[in-house]
Amino acid sequence: MRRIFQLLILLFILALVVIQFFQPEKNKGEIDSNHILKSEQLPEEISSLLSNACLDCHSNQTNYLWYHQVAPVSWFINGHITEGKSELNLSDWGSWDPIDKITALDDMATEVKKGKMPLQSYVLIHRKAKLSEEQKASLTAWAESLSEKVLTGE
Ligand code: HEC
């Protein structure tokens, strides 16, 4: 019985080691002039809110913590990044039509208002991403006012 138990632990450790060789590609692209932080004159508060709460999953650059690079956590994180970027990639902001920008801003405001973004699992680990009511209000007000500006072509 004890031998079987030891063997199982050994197999488990071995499996953990083996899966480390199967790592997703890291989300570490260049920041170019289309990135929202470059192509838009954002108020200081908004750029730090976006950086702290959204850009890890909604841009081509993720700030990884060490254990994000350990499988199977890395697979889980990569799933969020890939899915988040396919919905909204703020690294491409500058290349969008006004309609795309307005849609994205409206979606961002809605998700933040409803408390659906940033993802709960992310907020648990990234305390800076936990938005206070005031921060949610600033982010939504900003999204709404920028949306209006884009609409009127200012
Ligand atoms: C941990 C990764 C992560 C973070 C951080 C994050 N998102 Fe998301 N986001 C996702 C994923 C995954 C999806 C797609 C699945 C879904 O809608 O739940 C998504 C979807 C969205 C969508 C599209 C929703 C729709 O259904 O149209 C918007 C808009 C959005 N996020 C905005 C934000 C904003 C704004 C922030 C910061 C306040 C943020 N997200 C932070 C992962 C993230």
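Residues numbered from 1 in each chain as written. Predicted model: local features only at pLDDT ≥ 70, side-chain atom pairs only at ≥ 80, totals over all residues. Heavy atoms only, no water.

## A look at the coordination of the iron atom of the ligand
Within the protein, His58 (NE2) and Met117 (SD) serve as the donor atoms for the iron atom of the ligand, at 2.0 to 2.3 Å. The exposure class assigned to Met117 is partly exposed, which follows from its relative accessible area of 30%. (Donors = N, O, S within 2.8 Å, 3.2 Å for Na, K, Ca; no water. Buried < 20%, exposed > 50% of the residue type's maximum accessible area, 1.4 Å probe, protein only.)

## Observations regarding the site of the ligand
Taken together, 17 residues form the shell around the ligand, and within it Ala53, Cys54, Cys57, His58 and Met117 come nearest. Because more than half of its atoms lie within 2 Å of the grid, the ligand is assigned to the largest pocket. For the shell around the ligand, the secondary structure elements donating two or more residues are helix 4 (73-87) and helix 5 (98-113). Counted by class, the shell around the ligand contains ten nonpolar, three polar and four charged residues. (Near = heavy atom within 4 Å. 1 Å grid on protein atoms, 1.4 Å probe; cavity = no way out; pocket = protein on both sides within 12 Å on 5 of 7 lines; lining within 4 Å. Sits in = over half its atoms within 2 Å of the grid points. Helix = DSSP H or I, 4+ residues; strand = E, 2+ residues; numbered from the N terminus. Nonpolar A, V, L, I, M, F, W, Y, C, P; charged D, E, K, R; others polar.)

## Overview of unusual backbone geometry
Of the consecutive residues Ala71 and Pro72, the connecting peptide bond is found in the cis state with omega at 5°. Structurally, the position occupied by Pro72 is in the loop between helix 3 (44-53) and helix 4. In the segment running from Met117 into Pro118, the intervening peptide bond is cis, with an omega of -10°. As for its placement among the helices and strands, Pro118 is situated in the loop between helix 5 and helix 6 (120-125).

## Details of the side chain of Ser91
Its place among the elements puts Ser91 in the loop between helix 4 and helix 5. Here Asn60 takes part through its backbone nitrogen, which lies 2.8 Å from a polar atom of the side chain of Ser91. Aside from chain neighbours lying at most four places away, what touches Ser91 is Asp32, Asn34, His35, His58, Ser59, Asn60 and Gln61. (Polar contact = N/O pair within 3.5 Å; in protein donor to acceptor, adjacent residues only side chain to side chain. Contact = heavy atoms within 4.5 Å.)

## Here's the deal with the environment of Trp66
Looking at the secondary structure, you find Trp66 in the loop between helix 3 and helix 4. In this structure, the C-alpha to C-alpha distance between Trp66 and Lys114, residues 48 residues apart in sequence, is 31 Å.

## Section: the UniProt feature "domain: Haem-binding" (unreviewed entry) in the chain
Per the UniProt annotation, the sites labelled "domain: Haem-binding" (unreviewed entry) are residues 13-147. Along residues 13-147, the helical share is 54% and the strand share 0%, with 52 Å between the first and last C-alpha atoms. (UniProt positions renumbered as here; feature names shortened; annotations may be inferred.)

## Brief notes about the packing of helix 5 against helix 7 (residues 133-152)
Close contact between helix 5 and helix 7 brings their axes to 9 Å; oriented N to C, the two are set at 160°. Taken together, the axis directions place helix 5 and helix 7 in an arrangement best described as roughly antiparallel. The hand of the helix 5/helix 7 crossing is left-handed. Of the residues in helix 7, those in contact with Pro98, Lys101, Ile102, Leu105, Asp106, Met108, Ala109, Val112 and Lys113 of helix 5 are Lys136, Leu139, Thr140, Trp142, Ala143, Glu144, Leu146, Ser147, Val150 and Leu151. Residue composition of the contact of helix 5 with helix 7, grouped by class: twelve nonpolar, two polar and five charged. (Axes fitted to C-alpha atoms, helices over the stretch in contact; angles between N-to-C directions. Parallel < 35°, antiparallel > 145°, perpendicular 65-115°, else oblique. Left-handed = near helix turned anticlockwise from the far one by under 90°.)

## Here's the deal with the layout of surface pockets
One number sums up the size of the largest pocket: a volume of about 640 Å³. Considering the residues around the largest pocket, the lining is formed by 29 residues, among which His58, Glu87, Leu88, Glu111 and Met117 are closest to the centre. For the lining of the largest pocket, the secondary structure elements donating two or more residues are helix 4, helix 5 and helix 7. The element that contributes the greatest number of residues to the lining of the largest pocket is helix 5, accounting for nine residues. Here the lining of the largest pocket is composed, by residue class, of 17 nonpolar, seven polar and five charged. Quantified by volume, the second largest pocket comes out at close to 220 Å³. Those elements that place two or more of their residues in the lining of the second largest pocket are helix 4 and helix 6. Counting residues per element, the lining of the second largest pocket draws most heavily on helix 4, at five residues. Counted by class, the lining of the second largest pocket contains nine nonpolar, six polar and one charged residues. (Points joined across faces, edges and corners; volume = space filled by probe spheres on them.)

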